[in-house]
Amino acid sequence: MSLALVFSGQGTQHPGMLPWLADGVIVRAMQKRLGVSDWRAAVADGEWASRNAQAQVLLTGLALAAWDELARELPEPSAIAGYSVGELAAFGAAGVFDSGTALELAQQRAEAMDRCGERVPGGMLAVSGLSSAELDALCAAAGLALAIRNGPQSAVLAGPLAALDVAERAVEQRGARSTRLCIGVASHSPWMVDAARDFARTLERIELHRPRITLFSNAADRVHDATAARHALAAQIASTVRWDECMDNLHARQPACVLELGPGQALARRWNERHPEIPARSCDEFRSASGIVQWVRRQCGR
């Protein structure tokens, strides 16, 4: 019986996340790159933690540090995927690059996206309770793009701030629900095309490797080699994250369980709603690494 891994994206980071995480080599390298001596104290400043320049490096480093700590006691995963910026940690865990490269790429990715955001200030809006057709109509009317597909009636829209205001009012009028995310750019939308191009040039200068574990991308389904990895990591910055398809791709591998690495429990919750016969839990639910290891081992029959 096997394990599948999913890596969280931005928006749910908090000072108490991953309370069991040790202060190891990857954490220290992350803190040095961010210019902080205590990442939990830094995250307590919500404004600091929500900025791309900090959040993308922070989440990439913490996710890889968490997996580094757990991997010694757990079976090798049968498949891996990451949600939005979580792809950097996912590709690192799959062996495409090492943790130091992942941190460098997280910084470069954030800087490229922030440059786009300075030209057209934007953000993201989570919406639930509208059909695909209604979401398409809302995007067309408000001037937004579908940034993330999570499920039949769950998505994230992205675009300029004024357009998000229009969409929020429209969602309320239709009796659905919306939440403005703490993300200061219009990720995974046409407003990030220049960032995707910049990041593609960055990736051309980096040595990447063929994944040693089955790896699924937000933008390109399965990633088989370094060329596909370069394309996928750049493309997803400006195109829709097809998380519903990522979950189905992982499900097709028939893992015994799914473990979410990163802050919050959003990915585990979405998985349990879509594929309830295969249990998923988040590392952020546990108070100790040993508790995570015991749960995974029980599910995998070890």
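Here, the structure is the one placed above.
Residues numbered from 1 in each chain as written. Predicted model: local features only at pLDDT ≥ 70, side-chain atom pairs only at ≥ 80, totals over all residues. Heavy atoms only, no water.

K.L.:
Could you clarify how one ought to interpret the sheet that holds strand β5 (residues 154–160) in this entry?
P.N.:
Two pairing modes exist for strands in a sheet, parallel and antiparallel, and in both the strands are linked by backbone hydrogen bonds. Spatially, the five strands line up as an open sheet ordered β6-β3-β5-β4-β9, and their pairing is mixed. In this open sheet, the two edge strands, each paired with only one partner strand, are β6 (177–180) and β9 (241–242). The sheet contact formed by strand β3 (residues 122–128) and β6 spans four bridges and is antiparallel. Its bridge partner being in β6, Leu125 is matched across the sheet by Arg180. Along the sheet face, helix α11 (residues 243–252) touches β4 (145–151) and β9 and points at about 35° away from the line of β4. (Pairing = 2+ DSSP bridges. Helix = DSSP H or I, 4+ residues; strand = E, 2+ residues; numbered from the N terminus. Contact = heavy atoms within 4.5 Å. Axes fitted to C-alpha atoms, helices over the stretch in contact; angles between N-to-C directions.)

K.L.:
Just to check I follow, could you spell out unusual backbone geometry for this structure?
P.N.:
If a residue is not glycine, its phi is most likely negative; likewise, a peptide bond is most likely trans. The phi torsion at His188 lies on the positive side, around 60°, for a residue other than glycine. Inspection of the secondary structure puts His188 in the loop between β6 and α9 (193–204). Overall, His188 belongs to the buried group, its relative accessible area being 1%. (Buried < 20%, exposed > 50% of the residue type's maximum accessible area, 1.4 Å probe, protein only.)

K.L.:
When you look at the layout of surface pockets in this model, what are you seeing that I'm missing?
P.N.:
Here the idea is plain: a probe the size of a water molecule rolls over the atoms and shows the empty space left. Approximately 740 Å³ is the volume found for the largest pocket. For the largest pocket, the lining is made up of 39 residues, of which Tyr83, Asn150, Ala266, Arg269 and Arg270 are closest to its centre. At the level of secondary structure, the elements contributing two or more residues to the lining of the largest pocket comprise α6 (99–119), β3, β4, β5, β6 and α12 (266–274). Top element by residues in the lining of the largest pocket is α12. It accounts for six residues. The class makeup of the residues in the lining of the largest pocket is 15 nonpolar, 16 polar and eight charged. (1 Å grid on protein atoms, 1.4 Å probe; cavity = no way out; pocket = protein on both sides within 12 Å on 5 of 7 lines; lining within 4 Å. Points joined across faces, edges and corners; volume = space filled by probe spheres on them. Nonpolar A, V, L, I, M, F, W, Y, C, P; charged D, E, K, R; others polar.)

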